[in-house]
Amino acid sequence: MTRERRGRAERPDRPVRRDSQRSPRPGQASGPRANPGERTSARRRTSTVTEPGTGRARESASAARKSAAATPRRPWYRRPAVMGVVGLVVVVALGLVAWFTPLLSVRETDVAGAASISEEQIRQALAVPQGQPLLRVDTEGAAQRVAAIPKVASARVQRVYPSTIRVTVTERVPVVFIDTPGGTHLLDAEAVDYEIVPPPPGVPRLVTEAPGWGDPSTEAAIEVLESMPPQLRGQVGQVAAKSISDISVTLLDGRIVVWGGTEKSERKAAVTLPLLTQPGQTYDVSSPDLPTVR
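Rules of the game
Residues numbered from 1 in each chain as written. Predicted model: local features only at pLDDT ≥ 70, side-chain atom pairs only at ≥ 80, totals over all residues. Heavy atoms only, no water. Axes fitted to C-alpha atoms, helices over the stretch in contact; angles between N-to-C directions. Helix = DSSP H or I, 4+ residues; strand = E, 2+ residues; numbered from the N terminus. Parallel < 35°, antiparallel > 145°, perpendicular 65-115°, else oblique. Left-handed = near helix turned anticlockwise from the far one by under 90°. Contact = heavy atoms within 4.5 Å. Nonpolar A, V, L, I, M, F, W, Y, C, P; charged D, E, K, R; others polar. Buried < 20%, exposed > 50% of the residue type's maximum accessible area, 1.4 Å probe, protein only. Pairing = 2+ DSSP bridges. Polar contact = N/O pair within 3.5 Å; in protein donor to acceptor, adjacent residues only side chain to side chain. Salt bridge = Lys/Arg side-chain N within 4 Å of Asp/Glu carboxyl O. Core = buried A, V, L, I, M, F, W, Y, C linked by side-chain atoms within 4.5 Å.

Here helix α5 (residues 119-126) crosses helix α6 (residues 139-147) at 135 degrees, and the two axes come no closer than 8 Å. Compared by their axis directions, α5 and α6 come out oblique. With respect to the hand of their crossing, α5 and α6 are arranged in right-handed fashion. The residues of α6 that touch α5, namely those facing I122, A125 and L126, are A142, R145 and V146. The residue inventory of the contact of α5 with α6, partitioned by class, reads 5 nonpolar, no polar and 1 charged.

With that settled, consider the pairing of strand β1 (residues 108-112). Of the two faces of β1, only the one carrying T109 and V111 is buried; E108, D110 and A112 on the other face are not. Relative to strand β3 (residues 164-171), β1 is paired through 5 bridges, and the arrangement is parallel. Looking across to β3, one finds that T109 is bridged to I165.

Quick look at the side chain of K151 now. Relative to the helices and strands, K151 resides in the loop between α6 and β2 (152-160). A residue is classified by how much of its surface remains accessible, and K151, at 19% relative accessible area, is buried. One polar contact links K151 to S116, side chain to side chain, over a distance of 2.7 Å. Excluding anything up to four places from it in sequence, K151 contacts S116, I117, T170, E171, R172, Y194 and E195.

Summed over all chains, the structure comprises 8 salt bridges. Measuring nitrogen to oxygen at the nearest pair gives 3.4 Å for the salt bridge that ties E119 to R123. Here the residue E119 and the residue R123 both occupy positions in helix α5, the gap between them amounting to 4 residues, near one helical turn. Its relative accessible area of 38% is what places E119 among the partly exposed residues. Given a relative accessible area of 32%, R123 falls into the partly exposed group.

Judged by nonpolar contacts, the single largest core of 27 residues is most densely connected at V176, M228, V239 and W259. Broken down by secondary-structure element, the contributors of at least two residues to this core are β4 (176-180), α7 (216-227), β8 (236-243), β9 (246-251), β10 (256-260) and α9 (265-275). The element best represented in this core is α7, accounting for 5 residues. Those residues within four positions of V176 in sequence are excluded, and the remaining contacts are H185, L186, L187, V203, P204, L206, I222, L225 and V239. Counting 18 residues, the second largest nonpolar core, distinct from the first, contains V111, V137, V146 and V167.

Laid out in C-alpha cells, this is it:
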C-alpha cells in the first residue's frame, strides 16, 4: 500500500508530452522544430532585410556610380570653355585679316539708279580707292559725298563681299522751273533748286515773288501740282502763287483755273476736270462746292 501510494504521488498531475506533440504557438508554423543550423540561416536571412525604400536608394546610387564610370569624359578640347575661347580667337583673327590685308579689298564699284548722272562723276565723289579693305570703307561718309552732287536726292553705299562697293542713288525729278537772268532753274518736289538747264517737256513754269526752297508760296504751288491727277497736271503750263491762299493755274491752251489755297485740293481737282468741258476762259474752283465759269 505504501509503495503504491508513493508511486502515485511521484506521478505528475499532467502527462508529459514530447516536443513533437506540442501544439504550435500562435504565429508559429506547425511541424517539426528547426535544427540549430536552420535557425542560424534564418537569422542570416533576416539580417539582410533592409528598411522600406533603403534598398531602392542603395540600388539607385550604385546604378548612378556604374553609369558615371561607364560614361566617357569629354576630351579637353571639346569642353565648352575651351571651344568658346577658340571661337573668339578665330573671330578676332578673321577680323584682323579683313582689316589689315587686301584679301577682302575693294576691286569693283557698282553704281545703280543713275540715269542723267555719269557713273564717273559718282565714283569721283565716292572717293573710295581700289585695294582698300572693305571693313575700312566709311560708307556713311561716302554716301554723304555722293549726296552732295546737286542732282542726287539721296545716296546709299554698301559693302558687298568679297570685293565690291555698291552705290545706289536717287536722282532729283524736276517739278517746276523758274526763269532767272542766269538761266532756267529746275526745282524738285522739295523746292530745291538743283540745276540750270532748259526745262524738260511737261514741266510747268513757277511764278512767285521769291521762288525757291523755304518760300511758303513756292511750297504751296508745288503742293497744288502734286495733288492733281495726271490728266489735269499734263495740261498745266504755269502755276502762279501770289500767296499761299491765292494760287492760279494757267493751262497750255491759255485758260485759267483759280485754285485758291491748298485746302481741299483733291476735291478741287475732281471738280475741275468735268468743269473744263464747259466753254469759258476762267474756271474758279476755290470753293469746290460752288464752282463758277466765266
